[in-house]
Amino acid sequence: MAWLQSLSPDTETTLWVMLIGAMTNTACALLGCYLVLRRMSLLGDAISHAVLPGLVVAFILSGTLNVGYMFLGALAVGLLTSALTETLHRHGGVAEDAAMGVVFTSLFALGVILIKRYGSGVDLDPGCVLEGLLEFVDLNRVEVAGHSVPRALVSIAPVLALNLLFLVVFWKELLVSSFDPALATTMGFRAGLLHYVLMALVALTTVASFEQVGSILVIAMLIVPGATAHLLTDRLRTMLGLAAAIAVASAVLGQLAATRWNTNTAGMMSVVAGMFYLAAVCFSPRYGMLSVLVGNFRNALTIVREDLLAMLYRLEELAAERPLGPREAIQAVGGGVLATLGLWSLARRGEIQRDHSAVRLTERGRRRASQIVRSHRLWEAYLVRYLGLPLDHVHEPAAHMEHYIGGRLQEQLAADLEQTGTDPHGRQIPHGEPPPASGTAE
Amino acid sequence: MTFLTWIVLIGTSLLGSVAGVLGCFAVLRRRALVGDLLSHAALPGLCLAFLVLGQRHFGGMLFGAFCTGLAGVGLVTLVCRWTRTKEDAAVGIVLSTFFGAGIVLSSVIQNQEGGGAKAGLESYIYGQAAGMVLQDVLWIAMVSAAALVVVVLLFKEFKVLSFDPAFARTQGWPTLALDLAMMGTLALVTVTGLPAVGVVLMAAMLILPGATARFWTERLGPMLVLSGILGAAPGTIGTLLSAGVVAGWLGFDPLAFGPTATNLPTGPLIVLSGTALFLFSVLFAPRRGAVARLWAAARLRSTTARENLLRTLYELSEPRLPDRPAIAVEQLLTHRAWRAWQARWLVRWMSWLGLVERTPEGARLSESGLGKARGLVRTHRLWERFLIERADIAPDHVDRDADMIEHLLGREIVDALEERLAAQGGPRDAVPQSPHEIRRTKDEGRMSKDK
């Protein structure tokens, strides 16, 4: 623990903050996965704002700051938020986002007014509700089985356990109703009821986390880990695991960073979680921006390469007097860096031969080019034969499709056409063995 | 009213009005929560500006807030476009992360300078409308004027962008730039309002007027004007309530509840006034309001029940026409899925209307009821024949379809049906023969269950 001590002087406090932060974050992140999948992310945001009047009313009615009453009040208002939003949307004809916005801001306003009137002298400071006092979690302690532990642990541990239990017991139901509510209904369980149970748990988790970690961290943890995990995997089980891992990592790193720069812990944890999301947005292997960009680029390169090959093939067909120069070839497929790169990569693959004055197909390149031209002309013939398109309208769609027609589709097209000797323009459709890979461009 | 109250009144009304107008577009574009996003994402900008400038410089801090707010909206657009994250999650992520960063920065400020500096930032989170001074109002007026000029100049573009962005793109308009202009104006108004009403309540001021106005009109121009008014009204009402002016007028304080008698904060009162207007519209707006819609639904149900009774009575007495025999209620029940009390109540109501005469044996059509029933049966059977002849549906399948639609067929459609069927040699004026057996009861399963 020397390294920890070097970072923060008070190791025990640091560990407690990390532990409680990690537990809170995990409790939120697990539920958050389902919120993200059900496209209800903002309901977490709405509920955590709207519980304010619930807390105050519970205080007014009970006269104490007893945690149990607070839970009940917040639970009631949390469910009310969800129900009111639903009612306004379904029966009032208000768009869902507007309905939610109206409901939670109005309830929040009501809460602020009630606090002003009834909360004087009571420790119901909206500032504390928002930012939390995670740093001081260590100070407020209770005795449990002879050990002195922070009070926050006593409130968050059961909630985390309850959330886990809920996920395990209703695993199948949650899975089906999250991805296909209609199927859930036909299978005979009430997706609506499950929705409200989920809302109740969100409200419960919110309140349990509230006092110590503040609502902004709750909102962040309800959405960010789930959304991050959703970018990284397509399986629910893995998604939940990843979300929990991100939640714990945010707690640990957030606390370290907050100690390092002497600033608000809950805010820092949210920021760290946001950084995780940013990293996933950029570098997720399947859904990240980088891989999408690389994929798009490779696709574009394939298309430009195939356009070059097809063009050279057509020139050979026309028996042009003069071979095309490299610069002309690049200009002919649109020019620019991409075309230059395409020409270069064709030469590297041994599909063309180039010198400073001429570009020619090699035998290998000719075979490949004939496949592309075959796809193009078969598609043209198909469009004329079956869609009845006029002759001057078929080239353009075929120029798009040629990159996506693989061997199987070529065979099918050929089988559907009576004659495959010539295309509608009267040009010969080249034969040759089917291309090695099924699709050419992705 | 004191001069200070006037200042606050003008400021909040102006702010509410211009927020309402711009919020309309957000509501129409299903981006109602963009206000929430903007106001949360403004916080780190405020703090950064403070850290850079080293003092509370009003313009500089607003500029910082404007920048990060707009950056937040831009990030949401970018993330939605490039990844599988949906808009709701993207809004939540940017909102919480930016706000978290704001809290981190404000905590840094607090540790640097002691509590004093924080108090300044606090007012941006919770709002301090009552602390408005003349300079703030002038600033709000300037921003409002600028925002309104943008809306007026780009009215046509914003309109198309709100209702059919794909069309705007096909017209070759710079949709991205227009979107940026719209969101930029929205961001400007939002950060201007933050010191007055705070983060959460600013979001409400952007949504409420637009959502309320939507109930009263279907046209964008009137909707904008209306939401301008519906934004200004809560601003005025809330300020007057908060300043105790209303209490002065009424002679008692309508907000006198609870143990403490402090003045209530203006921001929440403005929002709750707006909520009251919204709820009123949800309930009582003509056509779109809940009461109007329930009323329309009830009227349709009652018309349907009335017409069903008349037609059933007619068809049961058809063999003995032109006599009008009495039909027992029990016999009615074998033909429709009514409960006994419903049928009895229906007969009583219809006899009050003079369409049915009650006899000891049951009910029979009155003269006027017979005339009406003849028309209804005619509509029903014309539609049945149309279905059989034109839609090629089997004669024993048409009754149910016709039963459902007959109440909605207007005079014109019935005339058109008549023309078509008459052209094929159908009867012109009399009630046509039923193409299927009348005695078959509907809902046989249910009837047998009842027994």
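Each chain has its residues counted from 1, running along the sequence as written. Whichever chain is written first becomes A and whichever ligand is written first becomes 1, with later ones labelled in order. At least 70 in pLDDT is required for a residue's local features to be given in this predicted model, at least 80 for side-chain atom pairs to be given and counted, and no such filter applies to totals for whole chains, interfaces and linings, which use all residues. Computation of side-chain values: all heavy atoms of the structure, hydrogens and water removed.

Visitor: So what exactly am I meant to see when it comes to the overall build of chain A here?
Guide: What counts as a helix is a DSSP run of H or I of at least four residues, what counts as a strand is a run of E of at least two, and both are numbered from the N terminus. Across its full length, chain A carries 19 helices and 4 strands. Each radius of gyration is computed over the set of C-alpha atoms, and the globule rule expresses the reference value as 2.2 Å times the number of residues to the power 0.38. Taken over C-alpha atoms, the radius of gyration comes to 32 Å for chain A, far larger than the 22 Å a tight globule of 442 residues would show. Taken along the three principal axes of its C-alpha coordinates, chain A extends 95 × 60 × 35 Å. Relative accessibility thresholds used throughout: buried, under 20% of the residue-type maximum; exposed, over 50%; partly exposed, between the two (1.4 Å probe, protein chains only). Expressed as a percentage of the 442 residues in chain A, the buried residues total 54%.

Visitor: Help me understand the overall build of chain B in this model?
Guide: Assigned secondary structure in chain B consists of 20 helices and 2 strands. At 32 Å, chain B has a C-alpha radius of gyration far larger than the 22 Å of a compact globule built from 451 residues. Overall size of chain B, expressed as C-alpha extent along the three principal axes, is 100 × 60 × 40 Å. Among the 451 residues that make up chain B, the fraction classed as buried is 52%. Whether two residues are in contact is decided by their heavy atoms: any pair within 4.5 Å suffices. For chain B, the proportion of contacts with a sequence separation of at least 24, taken over those separated by at least 6, is 72%.

Visitor: What is the right way to look at unusual backbone geometry in this model?
Guide: In terms of backbone geometry, most residues other than glycine have negative phi values and most peptide bonds are trans. Residues and elements named next belong to chain B. Its identity is not glycine, yet Arg287 carries a phi of approximately 70°, on the positive side. Examined against the element boundaries, Arg287 turns out to sit in the loop between helix H13 (266-284) and helix H14 (290-317). Even without a glycine there, the phi angle at Asp392 is positive, about 60°. Among the structural elements, Asp392 can be located in the loop between helix H17 (367-390) and helix H18 (398-405). Classification of Asp392 by relative accessible area gives exposed; the value is 70%.

Visitor: For this particular structure, what's the right way to read the domain arrangement of chain A?
Guide: Interface size is often expressed as the accessible area that is lost when the parts come together. For the domains described, the bounds stem from an automatic or database domain assignment. Split by domain assignment, chain A resolves into domain 1 (10-284) and domain 2 (292-416). Taking the mean C-alpha position of each, domain 1 of chain A and domain 2 of chain A sit 55 Å from one another.

Visitor: Mind showing me how you'd approach the layout of surface pockets here?
Guide: Empty space among the atoms becomes visible once a probe the size of a water molecule is rolled across them. Buriedness for pockets is judged along seven lines, at least five of which must meet protein on both sides within 12 Å for an open set on the 1 Å grid over protein atoms alone, while cavities are sets there where a 1.4 Å probe fits but cannot get out, and lining residues have an atom within 4 Å of a point. Grid points are joined across faces, edges and corners, and a volume is the space filled by probe spheres set on the points. By volume, the largest pocket amounts to about 1100 Å³. If you go around the largest pocket, you meet 36 residues; those closest to its centre are Arg38, Arg39, Met40 and Glu96 of chain A together with Asp88 of chain B. Where the lining of the largest pocket is concerned, the elements lending two or more residues are helix H3 (41-62), helix H4 (67-90), helix H5 (96-118), helix H8 (171-179) and helix H10 (191-213) of chain A together with helix H2 (34-53), helix H3 (58-82) and helix H4 (87-113) of chain B. A per-element tally of the lining of the largest pocket places H4 of chain A first, with 5 residues. Here the lining of the largest pocket is composed, by residue class, of 16 nonpolar, 8 polar and 12 charged. Residues are grouped as follows: Ala, Val, Leu, Ile, Met, Phe, Trp, Tyr, Cys and Pro are nonpolar; Asp, Glu, Lys and Arg are charged; all remaining types, including Gly, are polar.

Visitor: Would you explain the pattern of salt bridges in this entry?
Guide: Close approach of charged atoms allows side chains of opposite charge to pair. By convention in these notes, a salt bridge is any Lys or Arg side-chain nitrogen within 4 Å of a carboxyl oxygen on Asp or Glu. By the definition in use, this model includes 20 salt bridges over all chains. When the shortest N-O distance is used, the salt bridge between Arg377 of chain A and Glu317 of chain A registers 2.8 Å. Taken together, the residues Arg377 of chain A in helix H17 (residues 363-387) and Glu317 of chain A in helix H14 (residues 289-318) connect sequence positions 60 residues apart. Salt-bridge contacts for Arg311 of chain B lead to Glu406 of chain B; the nearest nitrogen and oxygen are separated by 3.0 Å. Taken together, the residues Arg311 of chain B in helix H14 and Glu406 of chain B in the loop between H18 and helix H19 (411-423) connect sequence positions 95 residues apart.

Visitor: What should I look at first to understand the nonpolar core in this one?
Guide: For soluble globular proteins, nonpolar side chains are generally found buried alongside one another. Among buried residues, the Ala, Val, Leu, Ile, Met, Phe, Trp, Tyr and Cys ones that are joined through side-chain atoms within 4.5 Å form a nonpolar core. Ranked by internal contacts, the top residues of the largest apolar core, which has 174 residues, are Leu222 and Tyr277 of chain A together with Leu37, Leu186, Val189 and Phe278 of chain B. Looking at which element gives the most residues to this core, the answer is helix H2 (residues 11-37) of chain A, with 15 residues. With residues up to four places along the chain from it excluded, the contact list for Leu186 of chain B reads Leu22, Gly23, Ala26, Val34, Leu38 and Leu206 of chain B. Membership of the second largest hydrophobic core comes to 24 residues, among which are Leu333, Val347, Leu355 and Leu370 of chain B.

Visitor: Looking at this structure, how should I read the packing of aromatic side chains?
Guide: Any pair of aromatic rings gets described here by the distance separating the centres and the angle formed by the planes. Two aromatic rings, drawn from Phe, Tyr or Trp (for Trp, its six-membered ring), form a pair once their centres lie within 6.5 Å of each other, and the interplanar angle then sorts them: stacked below 30 degrees, edge-to-face above 60, tilted otherwise. Taken as a whole, this structure holds 8 aromatic pairs over all chains when the rule is applied. Note on Phe280 of chain B and Phe284 of chain B: the rings are 5.1 Å apart at their centroids and 50° apart in plane angle, and the pair reads as tilted. Within this pair, Phe280 of chain B and its partner Phe284 of chain B are both found in helix H13, separated by 4 residues, close to a single helical turn. The class of Phe284 of chain B is partly exposed, set by a relative accessible area of 46%. An aromatic cluster is present here, built from Trp379, Tyr382 and Tyr386 of chain A joined pairwise through their rings. The criterion is that NZ of a Lys, or CZ of an Arg, lies within 6 Å of the ring centre and within 35 degrees of the ring normal, and then a charge sits over that ring. Cation over ring: Arg84 of chain B sits above Tyr287 of chain A, and NZ or CZ is 3.9 Å from the ring centre. Lying across the ring of Trp338 of chain B, Arg336 of chain B places its NZ or CZ 5.9 Å from the centre.

Visitor: What am I meant to see in the packing of H2 of chain B against H3 of chain B here?
Guide: How two helices pack is summed up by the angle between their axes together with the distance between the axes. Residue and element names in this part refer to chain B. Helix axes are fitted only over the stretch in contact, all axes being lines through C-alpha atoms; the angle between N-to-C directions runs from 0 to 180 degrees. Following both chains from N to C, one finds H2 and H3 inclined at 135°, their axes separated by 6 Å at the closest point. Between H2 and H3, the angle is such that the two are oblique. In terms of crossing hand, the pair formed by H2 and H3 is right-handed. The segment H2 lies against H3, with Val34, Leu37, Leu38, Ala41, Ala42, Pro44, Gly45, Leu46, Ala49, Phe50 and Leu53 engaging Gly60, Met61, Gly64, Ala65, Thr68, Gly69, Leu70, Gly72, Val73 and Val76. In this scheme, roughly parallel covers angles under 35 degrees and roughly antiparallel covers those over 145, while 65 to 115 is roughly perpendicular and the rest are oblique. When the near helix sits turned anticlockwise from the far one by under a right angle, the crossing is termed left-handed; a clockwise turn instead gives a right-handed crossing.

Visitor: Before we go on, may I ask you to explain the interface of chain A and chain B in this structure?
Guide: Listed as interface residues are 58 residues of chain A and, on the opposing side, 61 residues of chain B. Two parts placed together each lose some accessible area under a 1.4 Å probe, and the buried area is that loss summed for both. In this assembly, chain A packs against chain B so that about 5100 Å² is buried in total across both faces, 71% of it on carbon and sulfur atoms. Summed over the shared surface of chain A and chain B, the number is 1 salt bridge. Taking the shortest distance from any N to any O, the salt bridge between Asp234 of chain A and Arg84 of chain B comes out at 3.0 Å. Any pair of N or O atoms that falls within 3.5 Å is considered a polar contact. Within protein, one atom must be able to donate a hydrogen and the other to accept it, and sequence-neighbouring residues count only if both atoms are side-chain atoms. Taken together, chain A and chain B are joined by 13 residue pairs in polar contact (both at pLDDT 80 or more). Secondary structure elements with two or more residues in the side of chain A that touches chain B: H3, H5, helix H6 (126-131), helix H11 (215-232), helix H13 (265-283) and H14 of chain A. With 17 residues, the single largest contributor to the side of chain A that touches chain B is H5 of chain A. When the residues that make up the side of chain A that touches chain B are grouped by side-chain class, the tally is 33 nonpolar, 18 polar and 7 charged.

Visitor: Whenever I open this one, the pairing of strand S2 (residues 362-365) of chain B confuses me. Can you help?
Guide: If a strand is regular, its side chains alternate between the two faces of the sheet. All names here are of chain B. As judged from the 4 bridges shared by strand S1 (residues 356-359) and S2, these two strands associate in the antiparallel manner. Within S2, the position partnered with Arg358 by the bridge is Ala363. Where S1 folds back onto S2 in an antiparallel hairpin, the turn is made up of 2 residues. One bridge is not enough; two strands pair if DSSP finds at least two bridges between them.

Visitor: Any chance you could explain helix H9 (residues 175-197) of chain B here in plain terms?
Guide: Given 3.6 residues per turn, any residue in an α-helix points the same way as the ones three and four places further on. All names here are of chain B. Here the expected span of a helix is defined as 1.5 Å times the quantity of residues minus one. Between its first and last C-alpha atoms H9 spans 31 Å; for 23 residues at 1.5 Å apiece the expected length is 33 Å, and the two agree. When you tally the buried positions in H9, you get 18 out of 23 residues, the bulk of the element. Trailing H9 by a residue or two, Gly198 shows a phi angle of about 85°, which is positive.

Visitor: Hey, could you run me through a nonpolar patch on the surface in this one?
Guide: All names here are of chain B. A grouping of Met1, Trp6, Ile10, Trp249, Leu250 and Phe252 is seen on the molecular surface, where their side chains present a nonpolar patch of about 700 Å² in accessible area. Among the secondary structure elements, those contributing two or more residues to the nonpolar patch are helix H1 (3-28) and helix H12 (245-250). Along the chain, Ile10 turns up in helix H1. Like charges are joined within 9 Å and nonpolar side chains (Val, Leu, Ile, Met, Phe, Trp, Tyr) within 5 Å, but only among residues with over 30% relative accessible area and no salt bridge; these make up the patches. All accessible-area figures derive from a Shrake-Rupley calculation using a 1.4 Å probe, and residue coverage is judged against the displayed protein chains alone.

Visitor: Even after reading the chapter, I still don't get the confidence of the model for chain A, so can you show me in this structure?
Guide: Do not read the fine detail of predicted coordinates wherever pLDDT is low. Per-residue confidence for chain A gives a mean pLDDT of 84; residues scoring 70 or more make up 91%. The predictor reports its confidence for every residue as pLDDT, a score running from 0 up to 100. Overall, residues 437-442 of chain A carries pLDDT values under 50, and its contacts beyond four positions in sequence, including any with other chains, amount to 17 contacts.

Visitor: Explanation requested: the pairing of strand S1 (residues 141-144) of chain A in the structure shown.
Guide: All names here are of chain A. Looking at chain direction, S1 and strand S2 (residues 147-150) are connected through 4 bridges and run antiparallel. Across the sheet, Arg141 pairs through a bridge with Pro150, a residue of S2. Two successive antiparallel strands, S1 and S2, enclose a turn made up of 2 residues, where Ala145 displays a positive phi of approximately 50°.

Visitor: What exactly am I supposed to notice about H5 of chain A here?
Guide: Compared with an ideal rise of 1.5 Å per residue, which puts 23 residues at 33 Å, H5 of chain A spans 33 Å between its outermost C-alpha atoms and is within 8% of the ideal. By the criterion of burial, H5 of chain A is predominantly enclosed, with 19 of the 23 residues buried.

Visitor: Just to check I follow, could you spell out the state of the cysteines for this structure?
Guide: A covalent bond bridging the sulfur atoms of two cysteines is what the word disulfide describes. Count a disulfide wherever a pair of cysteine sulfur atoms falls within 2.5 Å. Applying the stated criterion across every chain, the model contains 0 disulfides over all chains. Free cysteine Cys28 of chain A: the closest other cysteine sulfur is in Cys33 of chain A, separated by 12 Å.

Visitor: Even after reading the chapter, I still don't get the packing of H5 of chain A against helix H10 (residues 199-213) of chain B, so can you show me in this structure?
Guide: Running from N to C, H5 of chain A and H10 of chain B point in directions that differ by 130°, and their axes come no closer than 9 Å. By the angle class used here, H5 of chain A and H10 of chain B are oblique. For the crossing formed where H5 of chain A meets H10 of chain B, the hand is left-handed. Taken together, the residues of H10 of chain B that come into contact with H5 of chain A (itself represented by Ala98, Gly101, Val102, Phe104, Thr105, Phe108 and Ala109 of chain A) are Val200, Leu201, Ala203, Ala204, Ile207, Leu208 and Ala211 of chain B. Across the contact of H5 of chain A with H10 of chain B, the residue classes tally to 12 nonpolar, 2 polar and no charged.

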